[in-house]
Amino acid sequence: WWPCRGTLIALLRHGQRSGELSRGLRDVVERDIDIMVGVADEQAWSQLAPRLEMELLGRGWDRCWTKSSVVSDSQHRDATRRDLLYCLKTEPY
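Quick look at the structure, then. For every chain, the first residue of the written sequence is number 1, and numbering continues from 1 along that sequence. Side-chain atom pairs in this predicted model are given and counted only at pLDDT of 80 or more, local residue features only at pLDDT of at least 70, and totals for whole chains, interfaces and linings cover all residues. No hydrogens and no water enter the side-chain calculation; it runs on all heavy atoms of the structure.

What about the side chain of Thr 7?
Going by this rule: The helix count covers DSSP runs of H or I at least four residues long, the strand count covers runs of E at least two residues long, and both are numbered beginning at the N terminus. Only protein chains enter the accessibility calculation, which uses a 1.4 Å probe. A residue is then buried if its area is under 20% of the maximum for its type, exposed if over 50%, and partly exposed in between. By the criterion applied in these results, polar contacts are pairs of N or O atoms within 3.5 Å in which, for protein atoms, one can donate a hydrogen and the other can accept it, and in which residues neighboring in sequence qualify only through two side-chain atoms. In what follows, a contact means two residues having at least one pair of non-hydrogen atoms within 4.5 Å.
Mapped onto the elements, Thr 7 comes out in helix H1 (residues 5-14). Look at Thr 7 and you get buried, because its relative accessible area is 8%. Engagement of the side chain of Thr 7 in a polar contact is seen with the backbone nitrogen of Asp 34, the distance being 2.7 Å. If near-sequence neighbours (up to four positions away) are discounted, Thr 7 is found in contact with Glu 30, Asp 32, Ile 33 and Asp 34.

What about unusual backbone geometry?
Note on backbone geometry: most residues besides glycine have negative phi, and most peptide bonds are trans. Of note, Arg 5 is a non-glycine position whose phi angle comes to about 50°, a positive value. Tracing the backbone shows Arg 5 in helix H1. We classify Arg 5 as exposed; its relative accessible area is 55%. Backbone geometry places Arg 23, a non-glycine residue, at a positive phi of 55°. Note that Arg 23 resides in the loop between strand S2 (18-20) and strand S3 (26-28). Taking relative accessible area as the criterion, Arg 23 reaches 74% and is therefore assigned exposed.

Below, the structure written as structure tokens:
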């Protein structure tokens, strides 16, 4: 696994999810954490995603859901798989 998107930007800027700016301001790049997980193939993802979900739910996360990374107006949207796993935890932030 590796950090991506806003999480990667924050880590490159500050070495953590947020950092101090001038005049006492705090740079909060995003409120979530984005990671990518490398798997060997689609079958490996279909086995790993439910295990990740159960582990996170067991650790107090609120819920998880899957969706496709292909945009909805793509000509390929009917042939895509649900390759993204979103999980939400609202407390503590």
